[in-house]
Amino acid sequence: MESLDQIKTRVETTIPGARLEVIPNDSPAQQPSLLVDPEHALAVAKFLRDDARLCLDYASNVTGVDWSDTVLKEKVKVKKVIKGIERELEQITETVRPGCLEAVYHLYSMTLKHGPMVLRMRTRNRSDQNRLPSLTPIWRGAEFQEREIYDLFGIVFTGHSDLRRILMWDGFQHHPMRKDYVEPDDYEYEPTAHDEVLEKAKRHQAREAGT
Amino acid sequence: MDEGLRGELSRQGVFTATLEELYNWGRRNSIWPLQFGLACCAIEMIATTMARYDLARFGAEVFRPSPRQADLMIVSGTVTRKMAPQVVRLYNQMPEPKYVIAMGACAISGGPFKQGYNVLKGIDRYIPVDVYLPGCPPRPEALLHAFMTLQRRIDQQQLTGRNRPRHLDPDAPGEFPVPQYGAHDLEPPMNPDVWHPPSVARQS
């Protein structure tokens with residue numbers, strides 16, 4: 001299979017206006033991913049499936065990611081004049097990267113037997129603008145998985161034929177896999193609590209002692 | 001009954017038994033389980049019914065598809081909060097006398113997935129359990145042992161008095177309230193008549 005940069009140039013020439021970005025991956029898995037903007041995602045997906053050299057016709061996994069607002073710290077060396085002497089100082093600049101929700105698609109080709117290719121789509125923000133186009137018309141296997149992402153993360157997929165909760169019951173509020181999901185306080189005694197369970201136990205006991 | 005008299009009579013070819021013994025013998029040797037598997041423990045339950053560890057030789061030949069014809073529910077697998085009302089409903093539909101084996105860690109107390117957002121921490125929160133079978137999953141021999149434990153318990157049940165089974169006691173409840181879906185959890189989160197959270201004496 002071609003590299004992601006080659007795929008990116010070919011998609012950009014075929015579909016004008018598509019904003020793509022190759023996100024590198026430094027982990028041992030070495031799987032860089034292609035970030036697609038939501039407006040052209042359907043056209044890009046159709047191209048990836050129907051192109052003769054790529055022929056990515058199987059979406060093996062569709063999952064969601066919750067990127068919360070992160071503070072990025074950068075150390076910059078700045079020359080400043082202090083007390084008449086020019087010195088080089090390290091200045092830490094903080095930028096806030098706004099959070100978003102993301103859907104990640106893992107694509108394989110059954111006919112040409114290559115893959116995987118990782119495709120990403122990001123929403124604008126985590127609160128009200130959480131709509132993404134559904135790629136179920138292109139890859140039918142994404143149907144249940146997009147329902148799961150809607151259930152657990154809250155991304156609304158437009159164009160999905162049957163978008164409702166799949167793991168939780170229909171009247172469930174909020175989305176459990178988000179980073180800011182608050183679990184109901186139903187801690188039960190555990191004999192060897194440690195790490196997060198220990199934190200949960202302490203909070204529960206504090207709440208019980210308070211009431 | 002006097003054992004000496006029974007031994008003498010049996011040597012003469014006269015077989016004696018109490019009504020209680022016969023009743024319980026008939027009940028314990030023909031327990032029909034409900035076809036009820038939720039997760040991985042169901043695979044071990046199926047293996048127990050297959051050729052190598054045969055459950056049919058204990059009388060559990062036919063796994064009934066309908067709860068109306070079953071008298072044992074082997075809760076095998078993780079009970080999710082979404083599934084819990086259905087489990088209680090099926091239990092209510094079983095006629096008395098009915099028994100429950102909580103098979104595997106998940107049915108006993110939530111198991112390895114206890115901190116999950118959709119896991120019910122043990123089916124004994126809503127229905128009474130007769131035999132707890134630990135394991136993840138328990139081996140087929142362990143399920144057979146649980147089955148035999150249940151048989152022994154049925155044998156020891158007297159027909160009258162305090163220890164009598166639930167179907168002979170008009171005051172004992174046979175049906176349990178079905179939990180409803182709440183905003184984040186089931187309502188009620190547990191049935192207080194059936195289960196209480198374990199209280200631990202804490203040194204302050």
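Given the structure is predicted, the values throughout are model-derived calculations rather than measurements. (Residues numbered from 1 in each chain as written. Chains lettered and ligands numbered in written order. Predicted model: local features only at pLDDT ≥ 70, side-chain atom pairs only at ≥ 80, totals over all residues.)

Draft legend 1. Representation of the overall build of chain A in the model. The number of helices and strands found in chain A is four helices and nine strands. The order of α-helices and β-strands along chain A, N terminus first, is α-β-β-α-β-β-β-β-β-β-α-β-α. Since a compact globule built from 211 residues should have a radius of gyration of about 17 Å, the 23 Å found for chain A marks it as more spread out than a globular shape. Its C-alpha atoms give chain A principal-axis dimensions of roughly 65 × 65 × 35 Å. Residues classed as buried in chain A amount to 23% of the 211 residues present. (Helix = DSSP H or I, 4+ residues; strand = E, 2+ residues; numbered from the N terminus. Rg over C-alpha atoms; globule rule 2.2 N^0.38 Å. Buried ≥ 20, exposed ≤ 12 C-beta atoms within 10 Å, placed from the backbone.)

Draft legend 2. Geometry of the pairing of strand E4 (residues 70-82) of chain A. All names here are of chain A. Counting buried residues in E4 gives zero out of 13 residues, a small share hidden from the surface. The sheet contact formed by E4 and strand E5 (residues 85-97) spans 13 bridges and is antiparallel. Across the sheet, residue isoleucine 82 finds its bridge partner in E5, namely isoleucine 85. (Pairing = 2+ DSSP bridges.)

Draft legend 3. Geometry of the interface of chain A and chain B. Across the boundary between the two partners, chain A contributes 12 residues, which contact 13 residues of chain B. By residue class, the composition of the side of chain A that touches chain B is seven nonpolar, two polar and three charged. (Contact = placed C-beta atoms within 7 Å. Nonpolar A, V, L, I, M, F, W, Y, C, P; charged D, E, K, R; others polar.)

Draft legend 4. Layout of the domain arrangement of chain A. What the domain assignment reports for chain A is domain 1 (4-66 + 101-168) and domain 2 (181-211). Relative placement of domain 1 of chain A and domain 2 of chain A: their C-alpha centres are 38 Å apart. (Domains from an automatic or database assignment.)

Draft legend 5. Local environment of the nonpolar core. B:Met73, B:Val75, B:Ile101, B:Ala102, B:Met103 and B:Ile123 are the most contacted members of the largest nonpolar core, which has 39 residues in total. Secondary structure elements with two or more residues in this core: helix H3 (40-49), strand E1 (72-76), helix H4 (84-93), strand E2 (99-103), helix H5 (105-109), strand E3 (131-133) and helix H6 (140-155) of chain B. Leave out the neighbours within four places in its chain, and B:Ile101 touches B:Leu72, B:Ile74, B:Asp130, B:Val131, B:Leu133, B:Ala146 and B:Leu150. In this structure, A:Val11, A:Leu101, A:Ile138 and A:Ala142 belong to the second largest nonpolar core, which totals 30 residues. (Core = buried A, V, L, I, M, F, W, Y, C linked by C-beta atoms within 7 Å.)

Draft legend 6. A look at the environment of A:Ser33. Residue and element names in this part refer to chain A. Its place among the elements puts serine 33 in strand E2 (residues 33-36). A count of 20 C-beta atoms within 10 Å places serine 33 in the buried class. Here the alpha-carbon distance between serine 33 and histidine 106, two residues 73 residues apart in the chain, equals 9.3 Å. When sequence neighbours within four positions are dropped, the list of residues in contact with serine 33 reads Ile23, Asn25, Val118, Leu119 and Arg120.

Draft legend 7. Highlighting unusual backbone geometry. The linkage connecting B:Cys136 with the following residue, B:Pro137, adopts the cis geometry, with an omega of -10°. Note that B:Pro137 resides in the loop between E3 and H6. Cis peptide bonds are those with omega within 30 degrees of zero, and the linkage from B:Glu187 to B:Pro188 qualifies with 0°. Tracing the backbone through its elements, the reader meets B:Pro188 in the segment after strand E5 (186-187). Positive phi, normally seen in glycine, also occurs at A:Cys55, with a value near 50°. We classify A:Cys55 as partly exposed; it has 19 C-beta atoms within 10 Å. Of note in this structure, A:Lys113 is not a glycine but carries a positive phi near 55°. With respect to the helices and strands, A:Lys113 occurs in the loop between strand E6 (100-109) and strand E7 (114-122).

Draft legend 8. Focus on the sheet that holds E1(B). All names here are of chain B. Strand order in the open sheet made by the three strands is E1-E2-E3, with parallel pairing throughout. Two strands lie at the open edges of the sheet, namely E1 and E3, each paired on one side alone. Strand after strand, the sheet turns through a mean of 15° between neighbouring axes, direction not considered. Two strands pair when backbone bridges link them, and E1 and E2 are joined in this way by five bridges, in the parallel orientation. When the bridges of E2 are listed, valine 75 appears paired with alanine 102. In the packing of H3 onto the sheet, contacts are made with E1 and E2, and the angle to E1 comes to roughly 130°. (Axes fitted to C-alpha atoms, helices over the stretch in contact; angles between N-to-C directions.)

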